[in-house]
Amino acid sequence: MSKPTYKLTVLISGNGTNLQALIDACTSSALPSTRIVRVISNRKSAYGLTRAATASIPTAYHNLQPYKKQHPDTADGISAARSAYDADLAALVLADAPDLVVCAGWMHILAPSFLTPLAAAEVPVINLHPALPGEFAGAGAIERAWEAFRKGEVKKTGVMIHEVIAEVDAGRPIVVEEVKMREGETLEELEERMHKVEHGLIVEGTKRTLKEIEERRTKRKSEGEVW
Ligand SMILES: Nc1nc2c(c(=O)[nH]1)N[C@@H](CN(C=O)c1ccc(C(=O)N[C@@H](CCC(=O)O)C(=O)O)cc1)CN2
Ligand SMILES: NCC(=O)N[C@@H]1O[C@H](COP(=O)([O-])[O-])[C@@H](O)[C@H]1O
């Protein structure tokens, strides 16, 4: 019996080097029987959209601005706009019926109006975060770690792939790799080393999550077959 084909949706906001690592992995033995069904960006200028188009992968630009214009520029209005934006993002993603959503440099905090429908459809969401579990949650993690090292507060940092939950970067780690920090290293040099680790870990984290999905389905099927 042929192996199932797994469908990925990848969310991006920028250059897309981690997306490129996934694109390359899908066309190699690294991620066999896996294909990216859509790349979605919240930024029109994201070069990752070009990377996807070059690989003949469908793309979408999901823009928050129209939602903000439909709501008052107040805390409640912005919250309502983001909730509506995320609900439509969930519908956009689920229309492709992916097995897994990968946040690859996706710089938008996902609201429950996205996470709840995905959970109901049993589509896991995972995220690449350039820090160790429990450290430097949120944006700018690499620079914050670099600054902390200069102050003598940390000796290492790292990269993780984790499950996405409402609390930012607090979901279950799936794979973690430590990165030792070096005296006198520039931020750019650290970023280069971190990105190399990211490109390997995003493939490994996707592979492990797809294995978990397969094991869950096999278990459910065997339980379903027992009378
Ligand atoms: N609910 C969750 N959403 C997201 C998670 C998560 O774990 N739970 N991971 C992030 C990715 N991320 C760090 O890995 C991250 C990205 C962006 C931000 C942030 O502050 N975004 C601002 C906008 C910043 C900008 O546009 O430049 C915002 O959303 O208002 C925090 C963490 C993906 N989402
Ligand atoms: N909080 C998530 C986060 O900060 N992610 C950062 O976004 C970059 C995306 O690069 P890419 O667009 O080249 O893949 C990644 O290198 C990662 O450090």
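Here, the structure is the one placed above.
Residues numbered from 1 in each chain as written. Chains lettered and ligands numbered in written order. Predicted model: local features only at pLDDT ≥ 70, side-chain atom pairs only at ≥ 80, totals over all residues. Heavy atoms only, no water.

(A) Region of interest: the packing of aromatic side chains. Using the criterion set out here, one finds one aromatic pair in the structure. Seen from their ring centres, Tyr67 and Tyr85 are 5.5 Å apart, and the 90 degrees between their planes marks the pair as edge-to-face. Taken as a pair, Tyr67 in helix α3 (residues 65-69) and Tyr85 in helix α4 (residues 75-94) lie far apart in primary sequence, 18 residues in all. There is no split in this pair, since Tyr67 and Tyr85 are both buried. (Phe/Tyr/Trp six-rings, centres within 6.5 Å; stacked < 30°, edge-to-face > 60°. Helix = DSSP H or I, 4+ residues; strand = E, 2+ residues; numbered from the N terminus. Buried < 20%, exposed > 50% of the residue type's maximum accessible area, 1.4 Å probe, protein only.)

(B) Examining the nonpolar core more closely. By size, the foremost hydrophobic cluster in this structure holds 46 residues, and its most contacted members are Val10, Leu19, Leu22, Ile36, Val39, Ile161 and Ile202. Per element, the largest residue contribution to this core is nine residues, and it comes from helix α7 (residues 187-225). Those residues in contact with Val39 that sit more than four places away from it in its chain are Val10, Ile12, Leu19, Leu49, Ala52, Ile57, Pro58, Thr59 and Ala60. One finds Tyr85, Leu89, Trp106 and Val125 within the second-largest nonpolar core, a separate group that totals 20 residues. (Core = buried A, V, L, I, M, F, W, Y, C linked by side-chain atoms within 4.5 Å. Contact = heavy atoms within 4.5 Å.)

(C) Up close: the sheet that holds strand β5 (residues 125-129). Spatially, β3-β2-β1-β4-β5-β6-β7 is the arrangement adopted by the seven strands of the open sheet, whose pairing is mixed. Looking at which strands have only one partner, the edges of the open sheet turn out to be β3 (59-61) and β7 (173-180). Direction aside, the axes of adjacent strands within the sheet are offset by 20 degrees on average. Sheet topology places strand β4 (residues 100-103) next to β5; three bridges connect them, and they run parallel. Within β5, the position partnered with Cys103 by the bridge is Asn127. Sitting on the sheet, helix α1 (residues 17-26) is in contact with β1 (6-12), β2 (34-41), β4 and β5, with an inclination near 160 degrees to β2. (Pairing = 2+ DSSP bridges. Axes fitted to C-alpha atoms, helices over the stretch in contact; angles between N-to-C directions.)

(D) Local environment of the site of ligand 2. Residues in contact with ligand 2 amount to 14 residues; listed here are only the nearest, Gly16, Thr17, Asn18, His195 and Glu198. Between Gly16 and ligand 2, the recorded distance is 2.8 Å, taken from a backbone N or O atom to an oxygen atom. Residue His129 places a side-chain N or O atom 3.4 Å away from a nitrogen atom belonging to ligand 2. Protein burial of ligand 2: of its 440 Å² of free accessible surface, 86% is covered by the chains. Among the elements of the structure, α1, β5 and α7 are those that each provide at least two residues to the shell around ligand 2. (Near = heavy atom within 4 Å. Polar contact = N/O pair within 3.5 Å; in protein donor to acceptor, adjacent residues only side chain to side chain. Areas by Shrake-Rupley, 256 points an atom, 1.4 Å probe, with all protein chains shown as cover.)

(E) View of the pattern of salt bridges. Taken as a whole and judged by the stated rule, the model has 13 salt bridges. Here Lys156 ties to Glu178 by a salt bridge, and the two come within 2.9 Å at their closest N and O atoms. One end of the pair, Lys156, is in strand β6 (residues 156-163); the other, Glu178, is in strand β7, and 22 residues separate them in sequence. Of the charged contacts in the structure, one is a salt bridge between Lys219 and Glu223, with a shortest N-O distance of 2.6 Å. With Lys219 and Glu223 both in helix α7 and four residues apart, this pair spans about one turn of that helix. We classify Glu223 as partly exposed; its relative accessible area is 46%. A single network of salt bridges, built from pairs that share partners, joins Lys156, Glu178 and Lys180. (Salt bridge = Lys/Arg side-chain N within 4 Å of Asp/Glu carboxyl O.)

This is a description of form; function is not addressed.
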